[in-house]
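Each chain, written out:
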Amino acid sequence: MASTTPEGLQIRPRHMDFDLPNPLPRHWNGGDAFKTHLFDAMSVLFPDGERFFIDSVRQFRDRIDDPVLNEQIRGFIGQEGHHSREHLEYSQRLRDLGYDVERIEKRARTRIRYTQKKFSPQRQLAATAALEHITAIMADGLLRNDAYMADAHPALARLWRWHALEETEHKAVAFDVYNQVCGSRKLLRRAMLMGTFFFVLDTTRGLAHMLKVDGLLWNWRVWRDGIRWMWGKEGVFRPLISTYLDFFKDGFHPWKHNNLDLLYATREEFDGPPLIQAGAA
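Position numbers for residues start from 1 in each chain and track the written sequence from start to end. Owing to the predicted nature of the model, reporting of local features is limited to residues with pLDDT of at least 70; listing and counting of side-chain atom pairs is limited to 80 or more, with chain, interface and lining totals taken over all residues. Excluding hydrogens and water, the side-chain values take into account all heavy atoms of the structure.

Trainee: Before we go on, may I ask you to explain a nonpolar patch on the surface in this structure?
Mentor: On the surface, a cluster of nonpolar side chains totalling about 380 Å² of accessible area is made up of Ile 227, Trp 231, Ile 241 and Leu 245. Strands here mean DSSP runs of E at least two residues long; helices mean DSSP runs of H or I at least four residues long; both are numbered from the N terminus. Looking at the nonpolar patch, the elements with two or more residues in it are α8 (220–231) and α9 (240–245). Its place among the elements puts Ile 227 in helix α8. Burial classification: accessible surface area is computed with a 1.4 Å probe over protein chains only, and a residue below 20% of its type maximum counts as buried, one above 50% as exposed, and the rest as partly exposed. Here Ile 227 falls in the partly exposed class, since its relative accessible area comes to 44%. Think of a patch as exposed residues, more than 30% relative accessible area, with no salt bridge, where like charges cluster within 9 Å and nonpolar side chains (Val, Leu, Ile, Met, Phe, Trp, Tyr) cluster within 5 Å. Surface accessibility follows the Shrake-Rupley procedure with a 1.4 Å probe radius. Residue values consider only the protein chains on display as shielding. Between Lys or Arg on one side and Asp or Glu on the other, a salt bridge is scored when a side-chain nitrogen of the former is within 4 Å of a carboxyl oxygen of the latter.

Trainee: Please clarify how the packing of aromatic side chains should be interpreted in this entry.
Mentor: Each aromatic ring pair is summarised here by two numbers: the centre-to-centre distance and the angle between the ring planes. Two rings from Phe, Tyr or Trp (for Trp, the six-membered ring) form a pair when their centres sit within 6.5 Å of each other. Planes less than 30 degrees apart are called stacked, planes more than 60 degrees apart edge-to-face, and all others tilted. Overall, the coordinates contain 17 aromatic pairs when judged by the stated rule. Aromatic side chains Trp 28 and Phe 39 sit 6.2 Å apart centroid to centroid with 55 degrees between the ring planes, which places their arrangement in the tilted category. In this pair, Trp 28 sits in the segment before α1 (33–58) while Phe 39 sits in helix α1, placing the two residues 11 residues apart along the sequence. On the accessibility criterion, Trp 28 (3% relative accessible area) is buried. For the pair Tyr 244 and Phe 248, a centre-to-centre distance of 5.7 Å together with 65 degrees between the ring planes defines the contact as edge-to-face.

Trainee: Please explain the pattern of salt bridges as it appears in this structure.
Mentor: Pairing between side chains of opposite charge can happen when their charged atoms approach one another. This structure, assessed with the given rule, holds 19 salt bridges. A salt bridge links Asp 271 to Arg 14; its shortest N-O distance comes to 2.9 Å. With a gap of 257 residues between them, Asp 271 in helix α10 (residues 260–271) and Arg 14 in the segment before α1 connect regions that are remote in the sequence. Among the residues examined, Asp 271 registers a relative accessible area of 44% and is labelled partly exposed. Among the residues examined, Arg 14 registers a relative accessible area of 9% and is labelled buried. Two residues, Arg 51 and Asp 48, come together in a salt bridge whose shortest N-O distance is 2.9 Å. You can see Arg 51 and its partner Asp 48 sitting in helix α1, 3 residues apart, about one turn around the helix. Taking relative accessible area as the criterion, Asp 48 reaches 9% and is therefore assigned buried.

The structure is reproduced here in structure tokens:
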């Protein structure tokens, strides 16, 4: 199976310097502890998670004959590698504020090592394809909805928008590799259920730890407002439910959620307007 990423869409890493503030504002996302630490907790998981994604795809690279998909694998690896490095710096800023980042990392790292030791390469790749769908639909939401980053510190907002853009660009790469080397929908669905459970669990634990350090863990208003922001009538995650569930349908492919217009509009923030070819009207 060849790449099904839209024709002409190049996947290349951007070499960014976000100059994160030092010290990091403790509640950089609009002064809201819950919104801030939800993103902080996800960020801490990314470096190890993205290395796992890279490794799971690399295991099958020599079985991919399509030159376009091979080039996209190269771009996927480059982008995920850069994400890992930027989020490691982000994690250091969180350490400096007194959060036990190592504890959060260790829990995720232990699970990844277990997965790599006990699960087949195909199952590891299925987990990557599933988790890439979660990151892709969250990325789409972040790029569409200003409520994700309302009044956020500009450097952090830019980092998260860059990450969301590149997750959108490569959202189908692991899925296409999986379809070529395995293709079992049953295995994919199992991987999504397991991946969702542990992603939510680890993110919630990280969020709770950071709220505890801030002295806000048992503040019911913080949780009430945070859950309403996520899942209320205007909640940022509420519109993602149907796109998440699409993953379980026969015939699903990430680019059936075609958000190219959003992707190209966001690219202009980082790459500038597209060059006009000589002789164009």
